[in-house]
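Descriptive structure summary
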Amino acid sequence: MQMDKGFSIKMIGDFIPTLLGYLPITLYILIVSLIFGFILGLLLALTRIYRVPVLSQLGKLYISFFRGTPIMVQLFIVFYGIPAITALVGIDTSKMDPLYAAIATYALSSAAGIAEIVRAGVNSVEKGQEEAAYSIGLTGRQTFLRIVLPQALLQAMPNFGNMIIGFLKDTSLAFSIGVMDMSGRGQTLISSSNHSLEVYIALAVIYYLTAIVLEQGFKWVERFMKRDDTRVITVYDMEI
């Protein structure tokens, strides 16, 4: 879009506070979708780890689909698909807030990545620990929750951090279905000011700084979890 005036650094500074006011919406989408995504992703991972008949194959197909299609395509499928599905049972959701469609999309999409991260983390845990856990009387559930899962999550922490930062950037596409987050507000600023470059630079600054904060936060969590090896319980630490 052609600008009314030349490039203005001052306008970048003017746009940043306005856009920052919509950062909580972006973070809300990210956090809520990741909570639901983690629950679904863990269930998907379990079906594949323990090779549950039928569910394992369906989970593999689910993961393949969401990892192999663009997030924008997924956004439109969910946004238009939910009203189409609910209409079959006589429920009208055509006026649903786009925010919920965005959260649902990012939850479904993140679940695919989380499932693979958890599966890789579980497979990295020494198999002998499971056998030793069974030998001292732990059930399969106790072994997974007390021995395997904590170590798997610790191993997977760097991958979780990378994935979450990636999804932070992906939330910038939520405006395409009408969500008024930072990117959505940025589009309205472009329309009203015709200073698109300044708006995009302001958005880049905010996203970049937010990503740095998240990255440092994950590094701190990882150091916290690793600062004392006894915080992660292996079967060899338990008393027989």
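Looking at an unreviewed UniProt entry, one finds the protein chain named ABC transporter, permease protein, with Listeria grayi DSM 20601 as its source organism. UniProt, in the comment section headed Subcellular location (unreviewed entry), describes the protein chain in these words: "Cell membrane". According to the UniProt record, the Sequence similarities (unreviewed entry) comment for the protein chain reads "Belongs to the binding-protein-dependent transport system permease family."

What follows is about the overall build of the protein chain. Counting its secondary structure elements, the protein chain contains 9 helices and 0 strands. For the protein chain, the succession of helices and strands along the chain, N to C, is α-α-α-α-α-α-α-α-α. By principal-axis analysis of the C-alpha atoms, the protein chain measures approximately 75 × 50 × 25 Å. Going through the 240 residues of the protein chain one by one, you find that 44% of them count as buried. A separation threshold of at least 6 residues defines the contact pool for the protein chain, and within that pool the share at least 24 residues apart is 80%. Where the 18 positive side-chain charges of the protein chain centre and where its 17 negative ones centre are 2 Å apart.

On to the pattern of salt bridges, then. Considering all chains together, one arrives at 5 salt bridges under this definition. Close ionic contact of Glu116 with Arg48 constitutes a salt bridge, the shortest N to O distance being 2.9 Å. With Glu116 in helix H5 (residues 98-124) and Arg48 in helix H2 (residues 23-49), the pair connects residues that are 68 residues apart, well separated along the chain. When its relative accessible area of 18% is taken as the criterion, Arg48 is described as buried. Because the salt bridges share partners, they merge into one network encompassing Arg48, Arg67, Glu116 and Arg119.

The next subject is unusual backbone geometry. At Arg51, a position not held by glycine, the phi torsion is positive, near 50 degrees. You can see Arg51 is positioned in the loop between H2 and helix H3 (55-68). One non-glycine residue, Val54, adopts positive backbone phi at about 70 degrees. Here Val54 lies in the loop between H2 and H3.

UniProt records the feature "transmembrane region" (unreviewed entry) at residues 25-50, 71-91 and 199-218, using the numbering of this structure. For residues 71-91, the end-to-end C-alpha separation is 26 Å, with 81% helix and 0% strand making up the annotated structure.

Right, let's talk about the packing of aromatic side chains for a bit. Across all of its chains, the model carries 7 aromatic pairs by this definition. Measuring from centroid to centroid gives 6.2 Å for Tyr50 and Phe144, while their planes differ by 65 degrees, and the two rings are edge-to-face. With Tyr50 in the loop between H2 and H3 and Phe144 in helix H7 (residues 140-170), the pair connects residues that are 94 residues apart, well separated along the chain. Residue class for Tyr50 comes out partly exposed when judged on its relative accessible area of 44%. Of the aromatic side chains, those joined through ring pairs into one cluster are Tyr62, Phe65 and Phe66.

Reading the values: the criteria
Residues numbered from 1 in each chain as written. Predicted model: local features only at pLDDT ≥ 70, side-chain atom pairs only at ≥ 80, totals over all residues. Heavy atoms only, no water. UniProt positions renumbered as here; feature names shortened; annotations may be inferred. Helix = DSSP H or I, 4+ residues; strand = E, 2+ residues; numbered from the N terminus. Buried < 20%, exposed > 50% of the residue type's maximum accessible area, 1.4 Å probe, protein only. Contact = heavy atoms within 4.5 Å. Lys, Arg positive; Asp, Glu negative; His and termini not counted. Charge placed at Lys NZ, Arg CZ, Asp CG, Glu CD. Salt bridge = Lys/Arg side-chain N within 4 Å of Asp/Glu carboxyl O. Phe/Tyr/Trp six-rings, centres within 6.5 Å; stacked < 30°, edge-to-face > 60°.

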